[in-house]
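# Report on the structure
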Amino acid sequence: MDEVAPVADKVTSYFYALLFVRHPDLRPLFPAAMDAQRDRLLKALLTAAEHIDNTEILVTYLQNLGRGHRKYGTRPEHYPAVGECLLGALSRFADRIWDEETEAAWVRAYTTISQVMIDAAAADELRAPAWWYAEVVSHDLRTPDVAVVTVRTDQPYPFRAGQYTSLETPWWPRVWRHYSFASAPRSDGLLSFHVKAVAAGWVSNALVHRARPGDILRLGPPAGSMTVDHTTDSGLLCLGGGTGIAPIKALVEDVAEHGHRRPVEVFYGARTDHDLYDIDTMLRLQQSHSWLAVRPIVDQQAHLQLPDAVREFGPWNEYDAYLSGPPGMIRNGVDALMDIGVPPERIRHDAVEDLVALRG
Ligand SMILES: NC(=O)C1=CN([C@@H]2O[C@H](COP(=O)(O)OP(=O)(O)OC[C@H]3O[C@@H](n4cnc5c(N)ncnc54)[C@H](O)[C@@H]3O)[C@@H](O)[C@H]2O)C=CC1
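Residues numbered from 1 in each chain as written. Predicted model: local features only at pLDDT ≥ 70, side-chain atom pairs only at ≥ 80, totals over all residues. Heavy atoms only, no water.

An unreviewed UniProt entry annotates the chain as nitric oxide dioxygenase of Streptomyces apricus.

What follows is the structure, given as C-alpha coordinates:
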(Lines give C-alpha, C1' and ligand atoms only; values in the text may rest on other atoms or scores of the structure.)
Protein backbone atom coordinates (compact mmCIF):
# COMPACT_ATOMS: atom_id res chain seq x y z
CA MET A 1 0.00 0.00 0.00
CA ASP A 2 2.98 2.34 0.69
CA GLU A 3 3.93 2.18 -2.96
CA VAL A 4 0.39 2.99 -4.08
CA ALA A 5 -0.63 5.73 -1.61
CA PRO A 6 1.31 8.58 -3.29
CA VAL A 7 -0.26 7.81 -6.70
CA ALA A 8 -3.65 6.89 -5.30
CA ASP A 9 -5.57 9.19 -7.66
CA LYS A 10 -3.93 7.75 -10.73
CA VAL A 11 -4.49 4.16 -9.57
CA THR A 12 -8.20 4.69 -8.97
CA SER A 13 -8.79 6.64 -12.21
CA TYR A 14 -7.02 3.93 -14.19
CA PHE A 15 -8.89 1.20 -12.30
CA TYR A 16 -12.31 2.65 -13.16
CA ALA A 17 -11.27 3.28 -16.76
CA LEU A 18 -10.21 -0.39 -17.06
CA LEU A 19 -13.39 -1.57 -15.36
CA PHE A 20 -15.74 0.40 -17.61
CA VAL A 21 -13.88 -0.43 -20.81
CA ARG A 22 -13.63 -4.15 -20.07
CA HIS A 23 -17.03 -4.46 -18.37
CA PRO A 24 -19.37 -1.74 -19.74
CA ASP A 25 -22.32 -3.62 -18.20
CA LEU A 26 -21.04 -2.53 -14.75
CA ARG A 27 -21.10 1.20 -15.57
CA PRO A 28 -24.80 1.69 -14.62
CA LEU A 29 -24.04 0.53 -11.06
CA PHE A 30 -21.96 3.69 -10.52
CA PRO A 31 -23.00 7.36 -10.35
CA ALA A 32 -22.81 9.49 -13.50
CA ALA A 33 -20.08 11.68 -11.95
CA MET A 34 -17.37 9.55 -10.41
CA ASP A 35 -15.38 12.07 -8.33
CA ALA A 36 -16.45 11.02 -4.82
CA GLN A 37 -16.63 7.36 -5.86
CA ARG A 38 -12.94 7.35 -6.80
CA ASP A 39 -11.90 8.30 -3.28
CA ARG A 40 -14.12 5.67 -1.76
CA LEU A 41 -12.48 2.66 -3.36
CA LEU A 42 -9.05 3.64 -2.18
CA LYS A 43 -10.29 4.58 1.28
CA ALA A 44 -11.86 1.14 1.59
CA LEU A 45 -8.61 -0.51 0.55
CA LEU A 46 -6.55 1.64 2.90
CA THR A 47 -8.92 0.89 5.78
CA ALA A 48 -8.67 -2.84 5.04
CA ALA A 49 -4.86 -2.62 4.88
CA GLU A 50 -4.73 -0.61 8.12
CA HIS A 51 -6.63 -3.31 10.04
CA ILE A 52 -5.02 -6.29 8.34
CA ASP A 53 -3.62 -7.52 11.68
CA ASN A 54 -6.89 -7.14 13.55
CA THR A 55 -9.11 -9.81 12.06
CA GLU A 56 -12.16 -8.94 14.14
CA ILE A 57 -12.27 -5.27 13.12
CA LEU A 58 -11.42 -6.12 9.53
CA VAL A 59 -14.13 -8.77 9.20
CA THR A 60 -16.78 -6.48 10.76
CA TYR A 61 -15.72 -3.69 8.41
CA LEU A 62 -15.89 -5.95 5.35
CA GLN A 63 -19.22 -7.45 6.38
CA ASN A 64 -20.70 -3.95 6.61
CA LEU A 65 -19.17 -3.10 3.28
CA GLY A 66 -20.68 -6.23 1.71
CA ARG A 67 -24.13 -5.54 3.14
CA GLY A 68 -23.85 -1.89 2.09
CA HIS A 69 -23.05 -2.93 -1.50
CA ARG A 70 -26.43 -4.62 -1.94
CA LYS A 71 -28.10 -1.26 -2.55
CA TYR A 72 -25.82 -0.65 -5.55
CA GLY A 73 -27.02 -3.89 -7.17
CA THR A 74 -23.64 -5.59 -6.68
CA ARG A 75 -23.74 -9.34 -7.44
CA PRO A 76 -21.17 -12.04 -6.51
CA GLU A 77 -20.14 -12.34 -10.18
CA HIS A 78 -19.06 -8.67 -10.22
CA TYR A 79 -16.27 -9.27 -7.73
CA PRO A 80 -13.85 -11.15 -10.06
CA ALA A 81 -14.21 -8.38 -12.68
CA VAL A 82 -13.35 -5.75 -10.09
CA GLY A 83 -10.47 -7.84 -8.73
CA GLU A 84 -8.94 -8.34 -12.15
CA CYS A 85 -9.06 -4.58 -12.96
CA LEU A 86 -7.75 -3.68 -9.52
CA LEU A 87 -4.74 -5.93 -10.06
CA GLY A 88 -4.30 -4.41 -13.51
CA ALA A 89 -4.19 -0.91 -12.01
CA LEU A 90 -1.97 -1.83 -9.06
CA SER A 91 0.57 -3.70 -11.14
CA ARG A 92 0.82 -0.76 -13.55
CA PHE A 93 1.50 1.85 -10.86
CA ALA A 94 3.46 -0.30 -8.40
CA ASP A 95 5.59 -1.76 -11.21
CA ARG A 96 8.82 -1.12 -9.28
CA ILE A 97 7.94 -3.75 -6.68
CA TRP A 98 5.40 -5.84 -8.60
CA ASP A 99 6.37 -9.48 -9.10
CA GLU A 100 4.70 -12.89 -9.07
CA GLU A 101 4.82 -13.09 -5.31
CA THR A 102 3.18 -9.68 -4.83
CA GLU A 103 0.51 -10.59 -7.33
CA ALA A 104 -0.19 -13.89 -5.59
CA ALA A 105 -0.47 -12.07 -2.24
CA TRP A 106 -2.95 -9.56 -3.71
CA VAL A 107 -5.02 -12.32 -5.31
CA ARG A 108 -5.19 -14.14 -1.97
CA ALA A 109 -6.11 -10.96 -0.09
CA TYR A 110 -8.74 -9.91 -2.64
CA THR A 111 -10.28 -13.39 -2.75
CA THR A 112 -10.63 -13.42 1.05
CA ILE A 113 -11.95 -9.85 1.17
CA SER A 114 -14.53 -10.45 -1.54
CA GLN A 115 -15.68 -13.73 -0.03
CA VAL A 116 -16.37 -12.06 3.34
CA MET A 117 -18.35 -9.33 1.53
CA ILE A 118 -20.28 -11.81 -0.64
CA ASP A 119 -21.17 -14.02 2.35
CA ALA A 120 -22.32 -11.02 4.42
CA ALA A 121 -24.50 -9.78 1.54
CA ALA A 122 -26.00 -13.25 1.05
CA ALA A 123 -26.81 -13.57 4.77
CA ASP A 124 -28.33 -10.08 4.78
CA GLU A 125 -30.50 -10.91 1.76
CA LEU A 126 -32.39 -13.43 3.90
CA ARG A 127 -33.46 -10.84 6.46
CA ALA A 128 -33.44 -7.32 5.02
CA PRO A 129 -34.15 -5.51 1.77
CA ALA A 130 -31.22 -4.14 -0.26
CA TRP A 131 -32.64 -0.65 0.32
CA TRP A 132 -35.70 1.03 1.78
CA TYR A 133 -37.88 3.63 0.07
CA ALA A 134 -38.42 6.62 2.37
CA GLU A 135 -41.06 9.29 1.79
CA VAL A 136 -40.31 12.76 3.12
CA VAL A 137 -43.11 13.58 5.57
CA SER A 138 -41.75 16.84 6.93
CA HIS A 139 -39.05 19.33 6.06
CA ASP A 140 -38.14 21.94 8.65
CA LEU A 141 -35.64 24.60 7.59
CA ARG A 142 -33.96 25.59 10.88
CA THR A 143 -31.34 27.99 9.46
CA PRO A 144 -30.73 29.11 5.86
CA ASP A 145 -28.61 25.99 5.38
CA VAL A 146 -29.73 23.40 7.96
CA ALA A 147 -32.91 21.34 7.58
CA VAL A 148 -34.44 18.61 9.72
CA VAL A 149 -35.84 16.06 7.28
CA THR A 150 -38.25 13.40 8.54
CA VAL A 151 -39.14 10.33 6.48
CA ARG A 152 -41.41 7.28 6.61
CA THR A 153 -39.94 4.05 5.25
CA ASP A 154 -41.90 1.54 3.12
CA GLN A 155 -40.90 -1.31 5.47
CA PRO A 156 -39.85 -1.38 9.13
CA TYR A 157 -36.32 -0.03 9.53
CA PRO A 158 -34.50 -1.55 12.53
CA PHE A 159 -31.52 0.45 13.81
CA ARG A 160 -29.89 1.59 17.06
CA ALA A 161 -29.56 5.11 18.45
CA GLY A 162 -26.17 6.54 17.45
CA GLN A 163 -26.05 4.77 14.06
CA TYR A 164 -26.20 6.28 10.57
CA THR A 165 -27.55 5.28 7.19
CA SER A 166 -26.72 5.95 3.57
CA LEU A 167 -29.19 8.03 1.62
CA GLU A 168 -29.85 8.65 -2.09
CA THR A 169 -32.06 11.42 -3.46
CA PRO A 170 -34.06 11.18 -6.71
CA TRP A 171 -32.07 14.13 -8.12
CA TRP A 172 -28.64 12.47 -7.98
CA PRO A 173 -29.15 8.77 -8.75
CA ARG A 174 -26.56 6.38 -7.31
CA VAL A 175 -24.91 9.17 -5.31
CA TRP A 176 -25.16 8.02 -1.69
CA ARG A 177 -24.24 10.03 1.41
CA HIS A 178 -24.22 9.11 5.09
CA TYR A 179 -26.54 10.74 7.63
CA SER A 180 -26.91 9.92 11.33
CA PHE A 181 -30.35 9.25 12.77
CA ALA A 182 -31.41 12.23 14.86
CA SER A 183 -33.68 10.18 17.15
CA ALA A 184 -33.69 6.84 18.88
CA PRO A 185 -36.11 4.37 17.18
CA ARG A 186 -39.62 5.87 17.52
CA SER A 187 -42.92 4.11 18.07
CA ASP A 188 -44.33 5.67 14.86
CA GLY A 189 -41.31 4.33 12.89
CA LEU A 190 -40.40 7.77 11.48
CA LEU A 191 -36.72 8.64 10.95
CA SER A 192 -35.19 12.14 11.12
CA PHE A 193 -31.94 13.55 9.80
CA HIS A 194 -30.23 16.91 10.34
CA VAL A 195 -28.76 18.06 7.05
CA LYS A 196 -26.44 20.99 6.44
CA ALA A 197 -26.09 22.17 2.83
CA VAL A 198 -22.34 22.22 2.29
CA ALA A 199 -20.48 23.91 -0.57
CA ALA A 200 -20.58 21.69 -3.66
CA GLY A 201 -22.56 19.08 -1.72
CA TRP A 202 -25.05 17.73 -4.25
CA VAL A 203 -27.03 15.54 -1.91
CA SER A 204 -27.02 17.92 1.06
CA ASN A 205 -28.09 20.89 -1.09
CA ALA A 206 -30.87 18.85 -2.66
CA LEU A 207 -32.08 17.73 0.77
CA VAL A 208 -32.00 21.22 2.26
CA HIS A 209 -33.17 23.34 -0.67
CA ARG A 210 -35.18 21.02 -2.87
CA ALA A 211 -36.72 18.14 -0.93
CA ARG A 212 -40.36 18.53 0.03
CA PRO A 213 -42.98 16.29 1.66
CA GLY A 214 -43.97 13.58 -0.79
CA ASP A 215 -40.48 13.18 -2.31
CA ILE A 216 -39.15 9.61 -2.25
CA LEU A 217 -35.60 8.91 -1.11
CA ARG A 218 -33.78 5.59 -0.77
CA LEU A 219 -31.98 4.42 2.38
CA GLY A 220 -29.29 1.77 2.71
CA PRO A 221 -28.83 -0.40 5.82
CA PRO A 222 -27.94 1.11 9.21
CA ALA A 223 -24.25 1.16 10.15
CA GLY A 224 -21.95 2.45 12.87
CA SER A 225 -21.01 1.38 16.36
CA MET A 226 -21.41 4.68 18.24
CA THR A 227 -24.10 3.06 20.36
CA VAL A 228 -24.76 2.97 24.10
CA ASP A 229 -23.61 -0.04 26.10
CA HIS A 230 -26.63 -0.70 28.34
CA THR A 231 -24.83 -3.37 30.35
CA THR A 232 -22.97 -0.68 32.31
CA ASP A 233 -24.20 2.45 34.05
CA SER A 234 -21.14 4.63 33.54
CA GLY A 235 -21.73 8.23 32.56
CA LEU A 236 -21.79 9.49 28.98
CA LEU A 237 -19.70 12.45 27.89
CA CYS A 238 -21.03 13.63 24.53
CA LEU A 239 -19.47 16.16 22.16
CA GLY A 240 -21.72 17.20 19.30
CA GLY A 241 -20.43 19.81 16.82
CA GLY A 242 -22.86 21.46 14.40
CA THR A 243 -25.19 18.88 12.85
CA GLY A 244 -23.16 16.31 14.78
CA ILE A 245 -25.65 16.97 17.59
CA ALA A 246 -28.12 14.69 15.73
CA PRO A 247 -26.83 11.27 16.90
CA ILE A 248 -26.05 12.73 20.36
CA LYS A 249 -29.73 13.62 20.74
CA ALA A 250 -30.54 10.02 19.71
CA LEU A 251 -28.18 8.71 22.41
CA VAL A 252 -29.82 10.89 25.07
CA GLU A 253 -33.26 9.55 24.07
CA ASP A 254 -31.88 6.02 24.17
CA VAL A 255 -30.58 6.48 27.74
CA ALA A 256 -33.94 8.01 28.74
CA GLU A 257 -35.83 5.03 27.31
CA HIS A 258 -33.68 2.54 29.17
CA GLY A 259 -34.58 4.26 32.41
CA HIS A 260 -31.09 4.18 33.94
CA ARG A 261 -30.21 7.31 35.85
CA ARG A 262 -26.72 7.54 34.47
CA PRO A 263 -25.17 11.00 34.10
CA VAL A 264 -25.11 12.33 30.55
CA GLU A 265 -23.10 15.49 29.86
CA VAL A 266 -23.58 17.03 26.45
CA PHE A 267 -21.27 19.69 25.02
CA TYR A 268 -23.00 21.18 21.99
CA GLY A 269 -20.55 23.20 19.87
CA ALA A 270 -21.33 25.68 17.12
CA ARG A 271 -19.61 28.51 15.29
CA THR A 272 -22.23 31.11 16.28
CA ASP A 273 -25.39 31.31 18.42
CA HIS A 274 -27.39 31.10 15.27
CA ASP A 275 -25.81 27.73 14.40
CA LEU A 276 -27.14 26.18 17.64
CA TYR A 277 -30.24 25.31 15.64
CA ASP A 278 -31.34 22.46 17.94
CA ILE A 279 -30.60 24.01 21.31
CA ASP A 280 -34.31 24.32 22.24
CA THR A 281 -34.78 20.56 21.85
CA MET A 282 -31.66 19.84 23.86
CA LEU A 283 -32.68 22.22 26.67
CA ARG A 284 -36.16 20.68 26.74
CA LEU A 285 -34.57 17.27 27.18
CA GLN A 286 -32.43 18.70 29.99
CA GLN A 287 -35.54 20.01 31.74
CA SER A 288 -37.19 16.59 31.59
CA HIS A 289 -34.18 14.60 32.80
CA SER A 290 -32.29 15.45 35.97
CA TRP A 291 -29.33 13.26 34.90
CA LEU A 292 -28.75 15.32 31.74
CA ALA A 293 -26.60 18.48 31.49
CA VAL A 294 -26.38 20.38 28.19
CA ARG A 295 -23.69 23.01 27.66
CA PRO A 296 -23.74 25.10 24.53
CA ILE A 297 -20.23 26.12 23.45
CA VAL A 298 -20.10 28.89 20.88
CA ASP A 299 -16.73 29.58 19.22
CA GLN A 300 -17.19 33.33 18.96
CA GLN A 301 -18.09 33.92 22.59
CA ALA A 302 -15.54 31.79 24.34
CA HIS A 303 -12.70 31.99 21.83
CA LEU A 304 -12.24 28.28 22.27
CA GLN A 305 -13.39 25.34 20.29
CA LEU A 306 -15.54 22.53 21.49
CA PRO A 307 -12.77 20.08 22.52
CA ASP A 308 -11.00 22.76 24.61
CA ALA A 309 -14.19 23.52 26.54
CA VAL A 310 -14.45 19.93 27.75
CA ARG A 311 -11.06 20.17 29.46
CA GLU A 312 -12.47 22.78 31.84
CA PHE A 313 -14.94 20.33 33.32
CA GLY A 314 -14.54 16.77 34.48
CA PRO A 315 -12.87 14.59 35.62
CA TRP A 316 -14.03 12.34 32.79
CA ASN A 317 -12.03 9.15 33.34
CA GLU A 318 -15.13 7.27 34.57
CA TYR A 319 -17.16 8.31 31.51
CA ASP A 320 -17.70 6.77 28.09
CA ALA A 321 -17.08 9.47 25.50
CA TYR A 322 -19.06 9.94 22.27
CA LEU A 323 -17.95 12.40 19.59
CA SER A 324 -19.90 13.48 16.55
CA GLY A 325 -19.19 16.36 14.19
CA PRO A 326 -16.71 17.53 11.56
CA PRO A 327 -13.61 15.32 11.10
CA GLY A 328 -11.29 18.03 12.55
CA MET A 329 -13.41 18.24 15.67
CA ILE A 330 -13.34 14.46 16.09
CA ARG A 331 -9.56 14.32 15.71
CA ASN A 332 -8.92 17.22 18.10
CA GLY A 333 -11.60 15.97 20.45
CA VAL A 334 -10.05 12.50 20.69
CA ASP A 335 -6.62 14.07 21.35
CA ALA A 336 -8.06 16.37 24.05
CA LEU A 337 -9.90 13.51 25.78
CA MET A 338 -6.86 11.23 25.78
CA ASP A 339 -4.82 14.12 27.06
CA ILE A 340 -7.07 14.49 30.10
CA GLY A 341 -7.00 10.81 30.87
CA VAL A 342 -10.00 9.24 29.10
CA PRO A 343 -8.85 5.73 28.09
CA PRO A 344 -8.99 5.25 24.30
CA GLU A 345 -11.24 2.18 24.62
CA ARG A 346 -13.90 4.42 26.18
CA ILE A 347 -13.95 6.87 23.26
CA ARG A 348 -16.48 6.26 20.49
CA HIS A 349 -17.05 8.02 17.18
CA ASP A 350 -17.77 7.13 13.59
CA ALA A 351 -14.75 6.36 11.40
CA VAL A 352 -13.30 9.57 10.04
CA GLU A 353 -13.31 7.98 6.53
CA ASP A 354 -17.07 7.57 6.86
CA LEU A 355 -17.41 11.15 8.07
CA VAL A 356 -16.00 12.33 4.81
CA ALA A 357 -18.93 10.55 3.22
CA LEU A 358 -21.25 12.27 5.71
CA ARG A 359 -20.51 15.48 3.92
CA GLY A 360 -21.95 16.47 0.58
N1 LIG B 1 -21.71 10.86 13.30
C2 LIG B 1 -21.04 11.98 13.13
O3 LIG B 1 -19.90 12.11 13.56
C4 LIG B 1 -21.70 13.11 12.44
C5 LIG B 1 -20.90 14.05 11.83
N6 LIG B 1 -21.47 15.08 11.18
C7 LIG B 1 -20.55 16.01 10.55
O8 LIG B 1 -20.53 17.17 11.34
C9 LIG B 1 -20.19 18.26 10.53
C10 LIG B 1 -21.09 19.38 10.91
O11 LIG B 1 -20.73 20.50 10.15
P12 LIG B 1 -21.01 21.94 10.67
O13 LIG B 1 -22.36 21.98 11.28
O14 LIG B 1 -20.71 22.82 9.49
O15 LIG B 1 -19.88 22.11 11.77
P16 LIG B 1 -18.98 23.38 12.07
O17 LIG B 1 -17.85 23.42 11.12
O18 LIG B 1 -19.89 24.54 12.18
O19 LIG B 1 -18.37 23.01 13.50
C20 LIG B 1 -19.17 22.56 14.57
C21 LIG B 1 -18.37 22.59 15.86
O22 LIG B 1 -17.18 21.84 15.72
C23 LIG B 1 -16.05 22.61 16.13
N24 LIG B 1 -14.94 22.36 15.23
C25 LIG B 1 -14.95 22.41 13.89
N26 LIG B 1 -13.74 22.11 13.39
C27 LIG B 1 -12.94 21.88 14.46
C28 LIG B 1 -11.57 21.52 14.62
N29 LIG B 1 -10.77 21.34 13.57
N30 LIG B 1 -11.10 21.36 15.88
C31 LIG B 1 -11.89 21.53 16.94
N32 LIG B 1 -13.18 21.87 16.87
C33 LIG B 1 -13.70 22.04 15.64
C34 LIG B 1 -16.49 24.05 15.99
O35 LIG B 1 -15.79 24.81 16.93
C36 LIG B 1 -17.95 23.98 16.30
O37 LIG B 1 -18.16 24.04 17.69
C38 LIG B 1 -20.25 17.82 9.10
O39 LIG B 1 -18.95 17.61 8.64
C40 LIG B 1 -20.98 16.49 9.19
O41 LIG B 1 -20.55 15.62 8.18
C42 LIG B 1 -22.81 15.29 11.18
C43 LIG B 1 -23.64 14.38 11.78
C44 LIG B 1 -23.14 13.19 12.43
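### What to know about the sheet that holds strand β5 (residues 191-196)
The sheet built from six strands is open, its strands ordered β4-β3-β6-β1-β2-β5 with antiparallel pairing. At either margin of the open sheet sits one strand with a lone partner, and together these are β4 (176-180) and β5. Averaged over neighbouring strand pairs, the angle between their axes works out to 40 degrees when direction is ignored. One ladder, built from eight bridges, connects strand β1 (residues 132-143) with strand β2 (residues 146-153); its direction is antiparallel. Paired with D140 across the bridge in β2 is V148. (Pairing = 2+ DSSP bridges. Helix = DSSP H or I, 4+ residues; strand = E, 2+ residues; numbered from the N terminus. Axes fitted to C-alpha atoms, helices over the stretch in contact; angles between N-to-C directions.)

### Observations regarding the side chain of S183
Within the fold, S183 resides in the loop between β4 and β5. Its relative accessible area of 8% is what places S183 among the buried residues. Within the local environment of S183, its side chain forms a polar contact with the side chain of K249, the two groups lying 3.1 Å apart. Not counting residues up to four positions away in its chain, the partners in contact with S183 are F159, K249, A250 and E253. (Buried < 20%, exposed > 50% of the residue type's maximum accessible area, 1.4 Å probe, protein only. Polar contact = N/O pair within 3.5 Å; in protein donor to acceptor, adjacent residues only side chain to side chain. Contact = heavy atoms within 4.5 Å.)

### Focus on helix α4 (residues 78-93)
With 16 residues, α4 extends 23 Å from end C-alpha to end C-alpha; this agrees with the ideal 22 Å at 1.5 Å per step. Packing partners of the buried residues in α4 comprise α1 (8-22), α2 (35-50), α3 (55-69) and α5 (100-125). (Expected span 1.5 Å × (residues − 1).)

### Comments concerning the pattern of salt bridges
Counting across every chain of the model gives 12 salt bridges. Where R127 meets D124, a salt bridge forms, and the shortest distance between an N and an O atom there is 3.5 Å. Taking the relative accessible area as the measure of exposure, D124 reaches 4% and is therefore buried. Note that R311 is salt-bridged to D339, the shortest N-O span being 2.9 Å. Highlighted residues: R311 in helix α10 (residues 306-311) and D339 in helix α11 (residues 327-339), separated in sequence by 28 residues. Classification of R311 by relative accessible area gives partly exposed; the value is 37%. Assessed through its relative accessible area of 57%, D339 is described here as exposed. Salt bridges linked by common partners bring R70, D124 and R127 together as one network. (Salt bridge = Lys/Arg side-chain N within 4 Å of Asp/Glu carboxyl O.)

### Section: the domain arrangement of the chain
Domain assignment breaks the chain into domain 1 (5-125), domain 2 (132-219) and domain 3 (235-358). Between domain 1 and domain 3, the C-alpha centre-to-centre distance is 35 Å. (Domains from an automatic or database assignment.)

### Focus: the site of the ligand
Near the ligand lie 23 residues; those nearest to it are K196, R271, D299, N332 and D350. Interatomic distance of 2.9 Å between a side-chain N/O atom of R271 and an oxygen atom of the ligand. Between the ligand and D350, the relevant distance is 2.8 Å, taken from a nitrogen atom to a side-chain nitrogen or oxygen of the residue. A total of 860 Å² of accessible area belongs to the ligand in isolation, and the protein chains cover 88% of it. Listed by contribution, the elements that provide at least two residues to the shell around the ligand are β8 (264-270), α11 and α12 (352-358). (Near = heavy atom within 4 Å. Areas by Shrake-Rupley, 256 points an atom, 1.4 Å probe, with all protein chains shown as cover.)

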